[in-house]
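Analysis of the macromolecular model
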Amino acid sequence: MRPADRGRVRAEVVQRVVDGYVRQAREGSDGFLQRLVNDTLYQERRRLEQANPRSKRTKAELAVYQDVQRRLHSAAETTARALLEQLATRFVDEVIGNFDDRVYRLSTTLIPPGLSLLVNAMSPRRLLDLRRINRGLVDQLHVQGELEQVRRLAQHGTVVVVPTHSSNLDSIVLGYAGYLIGLPPLLYGAGINLFSNPMISYFMHHLGAYKVDRKKTAKLYRSVLKEYTTCALEMGYHQLFFPGGTRSRSGAIEQQLKKGLLGTLIRAYTNNLIAGREPARIYLAPCTISYKLVLEAEALIRSHLQETGKASYIVEDDEFSRPRRVLNFLLNLTSLDDEIAVTWSPPLDVFGNPVDADGNSLDPRGRIVDPRSYVSRDGVPYVDEQRDVEYTNELAAAVGGAFLRDNVVMSTHVVARAVFALLRRRNPTHDLYRLLQTGGDAPSFAMAEVHQEVERLLGELRRGDVTRPRLSALLLAGDVQEIVADALRHFAIYHTRPAAERRGDRLFHEHRNLLCYYGNRLEGYGLWAE
């Protein structure tokens, strides 16, 4: 958020949130505002019970909430409204981000070579290659898809990039990919924990990132976040949403999207029409980010299994949380020389319709339709929350479909899926968690058997009569032995323990959680064992 807009959006967000709750109070029972304030205080105190009680921040927050609680006791409606406004203002002050053109120019000039230097630092020969360093991350990124159309739409309205999310590297990768194709800077929400490092916090704070504290569960806080996003859209700030809400724990492409965030797009578009703002249009640019290996794969799949398996799953290996192991993990990351595929899907309007190069909405037969008619009665735009819920569901389905179509499948995904399919087939009576823990009765498979399974899986992925993902260049070439060898090379050099390892003419499944994680990238396509 640029400094000139910060005060305006701060006041607008607080007013909209408070006015909305006051309207609900008039239609509801007595004491609505008091209960809302009280619930906010309760949720915040519960959060602070988990915080460091000695920190100045915790003490300061508790002091504020104790004061609000004292004043809330026997408060009249007007006092309750003032307390609500005070809390909403605190929240928006924490959330609101900043944007500094000077920092943006600096970061796009210096950070890419800096990251490249880090990536190449493990190889002295590559470290001496100044041309390679100067090219920054260009060599690592394979940007493809509807680049020109996305770039053009930024001239016709506000563009909201909605990518898949599997790593904390995603916002950096996508921000740089957007810069490379000529997109304007993007406003985006980032977890408050990412602001704990002073240097990273400085750049994030001045490059448009706003803070999102996922530990804050109060309804009032969520309302402030939602309204901040809506106001920024109305002011024409191009944005980056992760519609999955958080990183995919299972490794699968997200299909359960956060509709609250997507719903702000329809609301902002309708508000633009009501206010007569130009340009009123808002466009979605679905984007799929594909890595051959994921930085946080081990922690993410463990979190997923703990959540879904509950008592059935027992964590046996918690070494990932040890600093030495994390350090080794990061050092291995810097030795990689892989492409990251960033694929831009055909853009959509806020109702999930495709749009042409000039930003016109198209119906299923390719005819131009007027999106204004979706939110108007007798030609007059109006807000209708129930109507917008249905539109949001259709939008979420359209974005989820784009993710599945433009997911780029790589060697690690196919080989992990194939080995896990062999495991399931060999142990039909084992449930998932027993299979992950014990590995069943076959510690290894013949390489010929693995090659055959990969070949069968590739055949399914090439079917043209159903929705299928994109295949990487290596998979398109179709050399099964090279595909398996490439996946095993990557499993060996990156993770603390390889997902699978070849010994002689047999392949051993060493880290079944990782096989599950990478194989899950092929969930949602109706393949065998889904």
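Notes on the structure in this doc start here. (Residues numbered from 1 in each chain as written. Predicted model: local features only at pLDDT ≥ 70, side-chain atom pairs only at ≥ 80, totals over all residues. Heavy atoms only, no water.)

Observations regarding the packing of aromatic side chains
Applying the stated rule across the entire model yields 10 aromatic pairs. Taking the centre distance of 5.2 Å and the plane angle of 80 degrees together, the rings of Phe91 and Tyr221 count as edge-to-face. Taken together, the residues Phe91 in helix H4 (residues 77-95) and Tyr221 in helix H11 (residues 219-234) connect sequence positions 130 residues apart. Assigned by exposure class, Phe91 and Tyr221 land together as buried. Site record: aromatic cluster; members linked through ring pairs are Tyr269, Phe351, Tyr374 and Tyr391. Between the NZ or CZ atom of Arg387 and the centre of the ring of Tyr382, over which it lies, the distance is 4.7 Å. (Phe/Tyr/Trp six-rings, centres within 6.5 Å; stacked < 30°, edge-to-face > 60°. Helix = DSSP H or I, 4+ residues; strand = E, 2+ residues; numbered from the N terminus. Buried < 20%, exposed > 50% of the residue type's maximum accessible area, 1.4 Å probe, protein only. Lys NZ or Arg CZ within 6 Å of the ring centre and 35° of its normal.)

Overview of the packing of helix H12 (residues 259-275) against helix H15 (residues 385-406)
With their axes 9 Å apart at the nearest point, H12 and H15 run at an angle of 120 degrees to one another. Between H12 and H15, the angle falls in the class oblique. Where H12 crosses over H15, the handedness of that crossing is right-handed. For the pair H12 and H15, the contacting residues are Lys259, Leu262, Gly263, Leu265, Ile266, Arg267 and Thr270 in the first and Glu385, Arg387, Asp388, Tyr391, Thr392, Asn393, Leu395 and Ala396 in the second. A per-class count over the contact of H12 with H15 returns six nonpolar, four polar and five charged. (Axes fitted to C-alpha atoms, helices over the stretch in contact; angles between N-to-C directions. Parallel < 35°, antiparallel > 145°, perpendicular 65-115°, else oblique. Left-handed = near helix turned anticlockwise from the far one by under 90°. Contact = heavy atoms within 4.5 Å. Nonpolar A, V, L, I, M, F, W, Y, C, P; charged D, E, K, R; others polar.)

Digging into the environment of Leu432
As for its position among the elements, Leu432 is in helix H17 (residues 432-438). In this structure the C-alpha to C-alpha distance between Leu432 and Leu305, which are 127 residues apart in sequence, comes to 9.8 Å. Among all residues touching Leu432, those that are not within four sequence positions of it are Leu305, Phe420, Arg424 and Cys516.

Points about the layout of surface pockets
By volume, the second largest pocket is sized at about 1500 Å³. Contributing elements (two or more residues each) for the lining of the second largest pocket: helix H2 (32-49), helix H3 (56-72), H4, helix H9 (170-180), strand E3 (187-191), strand E4 (209-212), H11 and H12. Considering each element in turn, the lining of the second largest pocket owes the most residues, five residues, to H11. When grouped by side-chain class, the residues that make up the lining of the second largest pocket number 16 nonpolar, 17 polar and 17 charged. (1 Å grid on protein atoms, 1.4 Å probe; cavity = no way out; pocket = protein on both sides within 12 Å on 5 of 7 lines; lining within 4 Å. Points joined across faces, edges and corners; volume = space filled by probe spheres on them.)

Some details on H3
With 17 residues, H3 ought to run about 24 Å at 1.5 Å a step, and its terminal C-alpha atoms sit 24 Å apart, in line with that. If you check which residues of H3 are buried, you get Thr58, Glu61, Tyr65, Val68 and Leu72. Seen end-on, H3 carries its buried residues on one side only, within an arc spanning 95 degrees. Away from its buried face, by an angle of more than 90 degrees, H3 presents the exposed residues Lys56, Lys59, Gln66 and Arg70. Lining the buried residues of H3 we find H2 and H4. Ser74 occupies a position one or two residues after H3 and carries a positive phi of about 60 degrees. (Expected span 1.5 Å × (residues − 1). Arc of directions from axis to C-beta.)

Points about the packing of H2 against H3
Direction vectors running N to C along H2 and H3 enclose 155 degrees, while the axes themselves pass 10 Å from each other. Judged by the angle between their axes, H2 and H3 are roughly antiparallel. The handedness of the crossing between H2 and H3 comes out as left-handed. Contacts between H2 and H3 involve Gln34, Val37, Asn38, Leu41, Glu44, Arg45, Arg47 and Leu48 on the former and, on the latter, Thr58, Glu61, Leu62, Tyr65, Val68, Gln69 and Leu72.

Comments concerning the environment of Gly359
Mapped onto the secondary structure, Gly359 falls in the loop between strand E8 (348-349) and strand E9 (361-362). The spacing of Gly359 and Tyr283 is 76 residues in sequence and 8.0 Å in space, taken between C-alpha atoms. Excluding residues within four positions of it along the chain, Gly359 makes contact with Leu153, Arg281 and Tyr283.

Digging into the side chain of Glu61
With respect to the element layout, Glu61 can be found in helix H3. The contact partners of Glu61, leaving out residues within four places of it in the chain, are Glu44, Arg47, Leu48, Arg90 and Lys216.

Topic: H9
Each full turn of the α-helix corresponds to 3.6 residues, which orients residues three or four apart in the same direction. Within the sequence span of H9, burial applies to Asp170, Ser171, Val173, Leu174, Tyr176, Ala177 and Gly178. In the segment just after H9, Gly182 is the residue with positive phi, at about 90 degrees.

Quick word on the sheet that holds strand E14 (residues 444-446)
In space, the three strands of this open sheet follow the order E14-E17-E16, with antiparallel pairing throughout. Strands with a single pairing partner mark the edges of an open sheet, and in this sheet they are E14 and strand E16 (500-503). With direction set aside, neighbouring strand axes in the sheet form an average angle of 25 degrees. Sheet analysis places E14 next to strand E17 (residues 506-509), joined by three bridges and oriented antiparallel. By the bridge assignment for E17, Phe445 is matched with Leu507. The strands touched by helix H18 (residues 447-461) are E14, E16 and E17; relative to E14, the strand with the most contacts, the crossing angle is about 80 degrees. (Pairing = 2+ DSSP bridges.)

Examining the pattern of salt bridges
Pairs can form between side chains of opposite charge whenever their charged atoms are close. Enumeration according to the criterion identifies 34 salt bridges in this entry. Between Asp5 and Arg8 there is a salt bridge, with its nearest N and O atoms 4.0 Å apart. Here Asp5 and its partner Arg8 are both found in helix H1 (residues 3-27), three residues apart, which amounts to about one turn of the helix. Residue classification places Asp5 among the buried positions, given a relative accessible area of 18%. Judged by its relative accessible area of 53%, Arg8 is exposed. The closest approach of N and O atoms between Arg463 and Asp465, which form a salt bridge, is 2.8 Å. Judged by relative accessible area, which is 39%, Arg463 ranks as partly exposed. We classify Asp465 as exposed; its relative accessible area is 57%. Each member of the salt-bridge network shares a partner with another, and the members are Glu44, Arg47, Arg57, Glu61, Glu94, Asp213 and Lys216. (Salt bridge = Lys/Arg side-chain N within 4 Å of Asp/Glu carboxyl O.)

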